[in-house]
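# Structural overview for review
Okay, here's what each chain looks like letter by letter:
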Amino acid sequence: MQLKDLEIENFRNFLDLKVIFGNGINIISGMNGEGKTSILEAIYYLTLTKSFRTSNDTHAISYQKEHFNILGRFSSEKLTNTNIRLFSSEKEGKHLFVNKKEVKKFSDFIGTIPAVILTLEDLRLTFGGPQERRKFLDILISQVSPLYLQSLKIYRRTLQQRNALLSGGNKDAIEKQIAIWDGQLVEHGSQIILSRAAFIKFLNQNLTEHYNHISTRNDSIRVHYRSSLGDIAKTEDNTEIKAKFQKKLHLMFRYECERKSSVVGPHRDDIDFLKDDKNFKNFSSQGENKTLVIALKFLEWKYISRERNVKPILLLDDIFGELDEHRMHGLLDFLEDIGQAYITTTMHDKFKEHLASEKYILKDRKLYAA
Ligand SMILES: Nc1ncnc2c1ncn2[C@@H]1O[C@H](COP(=O)(O)OP(=O)(O)O)[C@@H](O)[C@H]1O
Ligand SMILES: [Mg+2]
């Protein structure tokens, strides 16, 4: 998948910017605060309809402006010259257009232009809270499977309604009504778990090799999906997961009534990253952590690429300053067959000899060919 050209209006520090990009690796260098991350953010908006650094779209509208507009022309083997426009304003909300036709349900669009991003924030994936790891899985699998995104939407809605019942209803009302919500929760929750398990399986087949390629060591890396349903490691079949889910809900019913919230299901699950069976969260060095996150991101890219049969656009935001030489080389090796990528950096010189790429310098809100 390739972004051919990008036009942004009233977005962050750019009032008006038009750029034509190269089909391979695009390196955007510039000083701090010039707007490098904002350019990647604009691209990301066109792929996932949201930002990776704020959940409030109005933050991205340029100060003193009413709206932003992002326009991109994309091309792939299957999808030639597709124009995407995303408009957002406080008054009128967010609107998405594909070839000038408005797309009302954003979920129908997700996955059309797959993308993978790696920022310094992602280094928190291992030691941050479980919600960050769930978000990683959800964004990635949503781009692969429309069914997953659909299940996720219904699951979240059901969860809200079920929690409202648990916190507001008396015991009789809860006992009478809970079964309706349990049915939905189990139906869609098990679909979510099943899809996550498929990706975890893919990780376990490939992660050790990718990790060792970057670290040039010989460690054994494993990922374990820790489910609130109990041990599901050997469960690959949806009926079995549903049965476990239902059983666990039954077992936890009293506790959930006391807690007034739902504690069983994929919204409570987590993943453990293990090196020689020790959790990265507690035992890894910073360097090992970086290696793991880079390997994970590349496998995310590979998974989407395999499942959708299209190479996702890769966005790397200012991560090279944080990497030592051998990790940097490991990363550059991966970039060889990557399709289109965008790399931002403050260190223009560092890339000079490394990569065949289009180079740009960002200065005073303009992008110059370097
Ligand atoms: N809504 C906004 N309107 C105008 N400027 C903004 C807005 N949000 C952030 N900025 C500014 O945009 C500039 C570019 O930010 P950023 O893209 O993070 O730069 P870089 O990644 O190059 O360091 C910063 O100076 C920031 O303060
Ligand atoms: Mg930045």
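Below you will find a few notes about this structure. (Residues numbered from 1 in each chain as written. Chains lettered and ligands numbered in written order. Predicted model: local features only at pLDDT ≥ 70, side-chain atom pairs only at ≥ 80, totals over all residues. Heavy atoms only, no water.)

This paragraph deals with the site of ligand 1. Taken together, 15 residues surround ligand 1, and among them Gly33, Lys36, Thr37, Ser38 and Ile61 come closest. Separating an oxygen atom of ligand 1 from a backbone N or O atom of Gly35 is a distance of 2.9 Å. Within the side chain of Thr37, one N or O atom sits 2.8 Å away from an oxygen atom of ligand 1. Here ligand 1, which alone exposes 570 Å², has 75% of that area covered by the protein. Considered class by class, the residues forming the shell around ligand 1 number three nonpolar, eight polar and four charged. (Near = heavy atom within 4 Å. Polar contact = N/O pair within 3.5 Å; in protein donor to acceptor, adjacent residues only side chain to side chain. Areas by Shrake-Rupley, 256 points an atom, 1.4 Å probe, with all protein chains shown as cover. Nonpolar A, V, L, I, M, F, W, Y, C, P; charged D, E, K, R; others polar.)

Here we come to the sheet that holds strand S1 (residues 2–11). If you trace the six strands from one edge of the open sheet to the other, you get S2-S1-S4-S5-S6-S7, paired in antiparallel fashion. What marks the edges here is a single partner per strand, and that holds for strand S2 (14–20) and strand S7 (101–103). In this sheet, adjacent strand axes meet at a mean angle of 20 degrees when their direction is disregarded. Across eight bridges, strand S4 (residues 67–75) lies against strand S5 (residues 82–89) in antiparallel orientation. Bridge pairing in S5 links His67 to Ser89. (Pairing = 2+ DSSP bridges. Helix = DSSP H or I, 4+ residues; strand = E, 2+ residues; numbered from the N terminus. Axes fitted to C-alpha atoms, helices over the stretch in contact; angles between N-to-C directions.)

Taken as a whole and assessed by the stated rule, the structure comprises twelve aromatic pairs. Ring centres of Phe21 and Tyr342 lie 4.8 Å apart, and the angle between their planes is 85 degrees; on these two criteria the pair is classed as edge-to-face. Taken as a pair, Phe21 in the loop between S2 and strand S3 (25–29) and Tyr342 in strand S13 (residues 341–345) lie far apart in primary sequence, 321 residues in all. Each member of the pair, Phe21 as well as Tyr342, is classed as buried. Among the aromatic residues, those joined into a cluster by ring pairs are Phe136, Phe199, Phe202 and Tyr303. (Phe/Tyr/Trp six-rings, centres within 6.5 Å; stacked < 30°, edge-to-face > 60°. Buried < 20%, exposed > 50% of the residue type's maximum accessible area, 1.4 Å probe, protein only.)

Spanning 45 residues, helix H6 (residues 171–215) covers only 56 Å between terminal C-alpha atoms, well under the ideal 66 Å at 1.5 Å per step. At Asn206, H6 is bent by approximately 45 degrees, the largest bend along its length. Among the residues of H6, the N-terminal cap falls to Asn170, whose side-chain oxygen and the backbone nitrogen of Asp172 are separated by 3.2 Å. Backbone geometry just downstream of H6 places Thr216 in the positive-phi region, at approximately 50 degrees. (Expected span 1.5 Å × (residues − 1). Bend = angle between axes of the 7 residues up to and from the residue.)

So, about the packing of helix H4 (residues 130–144) against helix H9 (residues 286–308). When two helices pack together, their arrangement is given by the angle between their axes and by how far apart the axes lie. At a minimum axis distance of 9 Å, the contact between H4 and H9 shows a crossing angle of 20 degrees. Between H4 and H9, the angle falls in the class roughly parallel. Of the two possible hands of crossing, H4 and H9 adopt the one that is right-handed. Along its contact with H4, which presents Phe136, Leu140, Gln143 and Val144, the element H9 presents Leu296, Lys297, Glu300, Tyr303, Ile304, Glu307 and Arg308. (Parallel < 35°, antiparallel > 145°, perpendicular 65-115°, else oblique. Left-handed = near helix turned anticlockwise from the far one by under 90°. Contact = heavy atoms within 4.5 Å.)

Turning our attention to the environment of Asn238. For Asn238, the position within the fold is in helix H7 (residues 238–259). Sequence separation between Asn238 and Ser195 is 43 residues, and the spatial gap between their C-alpha atoms is 10.0 Å. Those residues within four positions of Asn238 in sequence are excluded, and the remaining contacts are Ser190, Gln191 and Leu194. In this structure the side chain of Asn238 is engaged in a polar contact, spanning 3.1 Å, whose partner is the side chain of Ser190.

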